[in-house]
Amino acid sequence: MHTLRQFFSTRSRLLTKEDYSNVFNHSEKKASNRYALLLALPHSGPHHSRLGLIVAKKNVRSAVDRNRVKRLVREHFRRHPQTQTKDTIFMARKGIADLSNSEIRYHLQQLWAKLDTVAAHP
RNA sequence: CGAGUUGGUUAGGCGAUCGCUGUCGAAUUAUCGGCAGAGGAAAGUCCGGGCUCCAGAGAUCAGAGUGCCAGGUAACGCCUGGGGGGCGAGAGCCUACGGAAAGUGCAACAGAGAGGAAACCGCCCGAUCUCGAUCGGGUAAGGGUGAAAAGGUGCGGUAAGAGCGCACCGCAUACUUGGUAACAAGUAUGGCGAUGGUAAACCCCACUCGGAGCAAGACCAAAUAGGAAUCCAUUAGCCGUGAUCUCCGGCGGAUUCGGGUAGGUUGCUACAGGCGGACGGUGACGUUCGUCGCAGAUGAAUGAUCGUCCACGACAGAACCCGGCUUAUCGACUGACUCAUCCU
RNA sequence: CGGUGUGUGGCGCAGCCUGGUAGCGCACUUCCUUCGGGAGGAAGGGGUCGGAGGUUCAAAUCCUCUCACACCGA
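Residues numbered from 1 in each chain as written. Chains lettered and ligands numbered in written order. Predicted model: local features only at pLDDT ≥ 70, side-chain atom pairs only at ≥ 80, totals over all residues. Heavy atoms only, no water.

(A) Representation of the side chain of Lys86. Looking at the secondary structure, you find Lys86 in strand E4 (residues 86-92). Residue Lys86 is classed as buried on the basis of its relative accessible area, which comes to 1%. With sequence-adjacent residues up to four places away left out, Lys86 is seen in contact with Ala40, Leu41, Pro42, His43, Ser49, Arg50, Leu115 and Asp116. (Helix = DSSP H or I, 4+ residues; strand = E, 2+ residues; numbered from the N terminus. Buried < 20%, exposed > 50% of the residue type's maximum accessible area, 1.4 Å probe, protein only. Contact = heavy atoms within 4.5 Å.)

(B) Representation of the nonpolar core. Counting residues in hydrophobic clusters, the biggest one holds 23 residues, and the most contacted among them are Leu38, Val69, Val73, Phe90, Ile96, Ile104 and Trp112. Put simply, the parts of the chain that give this core at least two residues each are strand E2 (36-42), strand E3 (50-54), helix H2 (63-79), E4 and helix H3 (101-120). Of the residues forming this core, the biggest block, five residues, is contributed by H3. Not counting residues up to four positions away in its chain, the partners in contact with Val73 are Leu51, Leu53, Phe90, Leu108 and Trp112. Tyr20, Val23, Leu39 and Ile89 belong to the second-largest nonpolar core, a separate cluster that totals six residues. (Core = buried A, V, L, I, M, F, W, Y, C linked by side-chain atoms within 4.5 Å.)

(C) Layout of the pattern of salt bridges. For the structure on display, the rule yields four salt bridges. Arg78 is paired through a salt bridge with Glu75; the nearest N and O atoms lie 2.3 Å apart. Here Arg78 pairs with Glu75, and both are found in helix H2, just three residues apart, close to one helical turn. Note on Arg78: relative accessible area 18%, which makes it buried. Residue Glu75 is classed as partly exposed on the basis of its relative accessible area, which comes to 32%. Between Glu75 and Arg79 there is a salt bridge, with its nearest N and O atoms 3.5 Å apart. Here the residue Glu75 and the residue Arg79 both occupy positions in helix H2, the gap between them amounting to four residues, near one helical turn. Through salt bridges with shared partners, a single network forms among Glu75, Arg78 and Arg79. (Salt bridge = Lys/Arg side-chain N within 4 Å of Asp/Glu carboxyl O.)

(D) Region of the structure containing the pairing of E3. The element E3 is largely enclosed, with a buried count of four among its five residues. The pairing of E3 with E4 spans five bridges and is classified as parallel. What sits directly across from Leu51, in E4, is Thr88. Note that the unit made of E3, H2 and E4 has a crossover that is left-handed. (Pairing = 2+ DSSP bridges. Right-handed = clockwise from strand over helix to strand, strands pointing away.)

What follows is the structure, encoded as structure tokens:
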């Protein structure tokens, strides 16, 4: 199973406006801290688990930092397969650009763990 | 060797594992392999051009921009060379650097006076008398005000002074020489009561410019609503002017057509291209020969982890593409030149 | 990505075009009025005019660069 999910392509991304507003309006699970916010919508459709990224210019000023955050989140999503198929949105908050790569990785692990415990007890 | 000026190149390397985008080849329905994959500023959007659409014969006005001269360039507000001015001991650096005798305006406060001006304190002459004041006149050297006061310095001259005269400098005009030119040098004349400053004030002169931008533009095209044409139905009901009747129109169904939203495709990278050589030119650059193929994403790829070496890695991420400018930036390498000391 | 606009006391705005004094309202401080408060009246404090450079005798104002913020076009 792990080797099966070790890729990340366009099929595991949220693509259209509807995909995003769907998750926003019907999100069943949330996990957040002061650096980021996660929204998730479980489904049993034909898709894989999908990921959407929102890293606003207002919250992360530099383009280099925006790319860095998005790459780290994708890498985490790719390396840690979901226990349940669901669409997830990641929203960056203001202080995240000041963190180092290892710090961001630590926070991502915490957030996804929180999301899974909520999922276990709906 | 020290201090400094200036131009160019580069922007962590190597290995392993797991990934992303494009493309080629296998395979054929989700895999494998090869190759390629951010910058010198990709940034700011300050200029210029290509490209696309709109408007359009051409010209002028308006408006905007540029502004010493010559050249380069597709073009430029850029670059190169030269001239003037300023700074520096020098290499070198900086320079919006056309016109103020075409006209209009502006200059607070201070000061007597701010522009065809004027005399406050002064200086000098004369008159008067109470003998250091008043009045009349001459003058602009000195003082004072101001950012700026109508050539500067020296000598002569004079009642005191003044381009009043002379010398040098500055200015203006004319001519000669050198230079494509900007300009420079020289000679002569003027005798400076005229020609002050400000044009990043209006303005004048010369030159340049149509407008918008790839979210431009082109193509394909759901659902829903609405439009047009043709055909069917015109039975029943409802609406239309207060009521009734007749006529007419609308509300119905089917097919076709065109516009067009969501969404998709395209524009999308091979071109004023890079590298090397030769020739021409002081140089920017041009001509020519050879060679290379060098990102093309679209919620947006170029990364993560580990090991290792060192100088311990700055500023920072393409979004139609080029040429510049400006701003940010830890360093490393290298060419040329200047000054000072020492040695020969 | 492209195109516009705005930065002035604590807050909201004038002044900029046409260069010389930074002003208005609310708020703040003190005093008067009142038994006390509010309202009212009088006086006062507070501004590198977003930042840097240039033009000018002189810049909030003119010019250039730069930093924030806001708006418009799918």
